[in-house]
Amino acid sequence: MTKPDVVVVGGGLGGLTAACFLARAGRRVLLLEKKDELGGRARSDEREGFSLNLGPHALYAHGRGPAVLAELGVGFSGKKAQGRGALALADGELYLLPTSASALLLTRLLSVGDKAALARLLGGLPKMDPARLVGTSVADWVEGMSDRARVRALLLALVRLSTYSHSPERLDAGATLRQLQIGASGGVYYLDGGWGTLVRGLGRAAKDAGVVVATGQAVDDLGDFAGLPTVLAVAPETASRLLGQAIAPERVAAQVACLDVLLRRAPRRAGWLALGIDAPVYAAVH
């Protein structure tokens with residue numbers, strides 16, 4: 001290609017999306033990805049006819065993702081996660097998870113007082129302003145939300161499910177509340193074919209828009225692009241190294257163990273979710 005107007009470093013969903021919009025705006029875009037295939041953490045592996053995401057992935061129906069994908073002409077198909085049949089694991093026993101009014105009434109997980117307190121808490125979450133909680137830890141926020149231990153434990157379990165993170169002392173309550181609100185308002189999709197379908201769709205959209213994509217091209221420094229606008233769609237640590245300066249506070253890695261069990265057919269009476277209330281675990285049918 002002729003000399004690019006813009007260089008995008010990183011071929012994950014963020015880099016591909018940025019490249020698409022820049023190219024559609026008339027820029028000559030070069031996208032560089034260090035691995036041999038696009039996608040980053042959004043890649044899906046194919047094993048014996050099954051599509052496996054790199055860990056649990058859910059597309060929030062009312063998040064920015066679907067709107068951006070629609071604008072770029074990238075389609076997807078999948079099913080929304082259903083609350084019916086969801087279970088809670090506490091004290092080594094399974095209970096009905098209170099995902100609906102009827103489940104809240106029927107579950108043995110909570111006392112009568114806990115049920116009333118949880119109903120008030122969940123009913124108030126959509127009306128809360130996340131901006132007012134920025135800078136407050138999730139631990140402090142949850143502690144002030146209820147004086148009932150089981151209700152606080154259930155709220156923390158929902159936080160873990162929504163953020164894939166078990167660090168309430170470090171998590172920002174404002175960002176977490178916003179995530180909870182987005183999830184509660186529209187639910188999430190589990191995608192047919194995994195998130196690799198989004199990677200392939202964005203890859204096609206980028207090439208159709210004229211983006212030059214180069215895989216297997218690691219960027220060790222930005223000297224080759226001096227004077228060129230450059231988008232760093234990479235982890236903060238990588239961006240800090242390339243720029244030679246810290247651009248984000250120190251982060252603590254989240255260590256997650258994920259086991260995929262591949263079945264040709266699910267058991268007839270299987271629920272779709274079991275959520276740990278007193279332990280940071282969950283199982284879901286994706």
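Attention here is on the structure that accompanies the text. (Residues numbered from 1 in each chain as written. Predicted model: local features only at pLDDT ≥ 70, side-chain atom pairs only at ≥ 80, totals over all residues. Heavy atoms only, no water.)

Notes on the nonpolar core
Then, in step 1: In terms of nonpolar packing, the biggest core is built from 35 residues, with L97, L109, W141 and I277 touching the most fellow members.
Then, in step 2: Elements supplying a minimum of two residues to this core: strand 7 (87-90), helix 4 (112-124), helix 5 (138-145), helix 6 (149-163), helix 7 (173-186), strand 9 (188-191) and strand 12 (273-276).
Then, in step 3: At six residues, helix 6 tops the list of elements feeding residues into this core.
Then, in step 4: Sequence-distant contacts of L97, defined by excluding residues within four places in its chain, comprise A86, L87, A88, A103, L273, L275 and I277.
Then, in step 5: Counting 22 residues, the second largest nonpolar core, distinct from the first, contains C20, L31, A206 and V211. (Core = buried A, V, L, I, M, F, W, Y, C linked by side-chain atoms within 4.5 Å. Buried < 20%, exposed > 50% of the residue type's maximum accessible area, 1.4 Å probe, protein only. Helix = DSSP H or I, 4+ residues; strand = E, 2+ residues; numbered from the N terminus. Contact = heavy atoms within 4.5 Å.)

Considerations on the layout of surface pockets
Then, in step 1: In this structure, the second largest pocket occupies an estimated 600 Å³ of space.
Then, in step 2: Taken together, 27 residues make up the lining of the second largest pocket; nearest its centre are E33, K34, A233, V234 and A235.
Then, in step 3: For the lining of the second largest pocket, the elements supplying multiple residues, two or more each, are helix 1 (13-24), strand 2 (29-33) and helix 9 (236-243).
Then, in step 4: For the lining of the second largest pocket, the per-class residue count stands at 11 nonpolar, nine polar and seven charged. (1 Å grid on protein atoms, 1.4 Å probe; cavity = no way out; pocket = protein on both sides within 12 Å on 5 of 7 lines; lining within 4 Å. Points joined across faces, edges and corners; volume = space filled by probe spheres on them. Nonpolar A, V, L, I, M, F, W, Y, C, P; charged D, E, K, R; others polar.)

Topic: helix 1
Then, in step 1: The end-to-end C-alpha separation of helix 1 is 17 Å, in line with the 16 Å expected for 12 residues at 1.5 Å each.
Then, in step 2: Burial in helix 1 covers these residues: G15, L16, T17, A19, C20 and A23.
Then, in step 3: Residues of helix 1 that are buried sit in contact with strand 1 (6-9), strand 2, helix 2 (64-71) and helix 8 (196-208).
Then, in step 4: Looking one or two residues past helix 1, G26 carries a phi angle of roughly 95°, positive in sign. (Expected span 1.5 Å × (residues − 1).)

Examining the pairing of strand 9
Then, in step 1: Bridge count between strand 5 (residues 59-60) and strand 9: two bridges; the pairing is antiparallel. Bridge pairing in strand 9 places L59 opposite Y189.
Then, in step 2: As paired strands, strand 6 (residues 78-80) and strand 9 are joined by three bridges and run antiparallel to one another. What sits directly across from G78, in strand 9, is L191. (Pairing = 2+ DSSP bridges.)

What to know about the side chain of S146
Then, in step 1: Within the element layout of this structure, S146 appears in the loop between helix 5 and helix 6.
Then, in step 2: A distance of 3.1 Å separates a polar side-chain atom of S146 from the backbone nitrogen of R148. (Polar contact = N/O pair within 3.5 Å; in protein donor to acceptor, adjacent residues only side chain to side chain.)

Remarks on empty space enclosed by the protein
Then, in step 1: Using the criterion set out here, one finds one cavity of 30 Å³ or more in the structure.
Then, in step 2: Looking at the largest cavity, its volume works out to about 30 Å³.
Then, in step 3: V138, L156, V159, R160, S165, H166, S167, P168 and L171 are the residues that line the largest cavity.
Then, in step 4: Per-element tally for the lining of the largest cavity: the top contributor is helix 6, with three residues.

Quick word on the packing of helix 1 against helix 8
Then, in step 1: The contact between helix 1 and helix 8 brings their axes to 9 Å, and the two run at 25°. When the interaxial angle is binned, helix 1 and helix 8 end up roughly parallel. For the pair helix 1 and helix 8, the crossing hand works out as left-handed. Side by side, helix 1 and helix 8 meet where L13, L16, T17 and C20 of the first sit next to L198, V199, L202, G203, A205 and A206 of the second.
Then, in step 2: Across the contact of helix 1 with helix 8, the residue classes tally to eight nonpolar, two polar and no charged. (Axes fitted to C-alpha atoms, helices over the stretch in contact; angles between N-to-C directions. Parallel < 35°, antiparallel > 145°, perpendicular 65-115°, else oblique. Left-handed = near helix turned anticlockwise from the far one by under 90°.)

Describing the sheet that holds strand 9
Then, in step 1: Pairing is antiparallel in the open sheet, where three strands are placed in the order 5-9-6. At either margin of the open sheet sits one strand with a lone partner, and together these are strand 5 and strand 6.

A word on the sheet that holds strand 12
Then, in step 1: As summarised here, the arrangement of the four strands in space is 8-7-12-13, forming an open sheet in which the pairing is mixed. Of all strands in the sheet, those with a lone pairing partner are strand 8 (93-96) and strand 13 (282-284), marking the two edges. Here the average twist between neighbouring strands, direction ignored, is 25°.
Then, in step 2: Two strands pair when backbone bridges link them, and strand 7 and strand 12 are joined in this way by three bridges, in the parallel orientation. Looking at the pairing, L89 lines up with G276 of strand 12.
Then, in step 3: Each of strand 7, strand 12 and strand 13 is contacted by helix 6, which is oriented at about 120° to strand 12, the strand it contacts most.

With respect to unusual backbone geometry
Then, in step 1: Non-glycine residue D91 carries a positive phi angle of around 55°.
Then, in step 2: Among the structural elements, D91 can be located in the loop between strand 7 and strand 8.
Then, in step 3: Residue Y164 is not a glycine yet carries a positive backbone phi of 55°.
Then, in step 4: Within the secondary structure, Y164 sits in the loop between helix 6 and helix 7.

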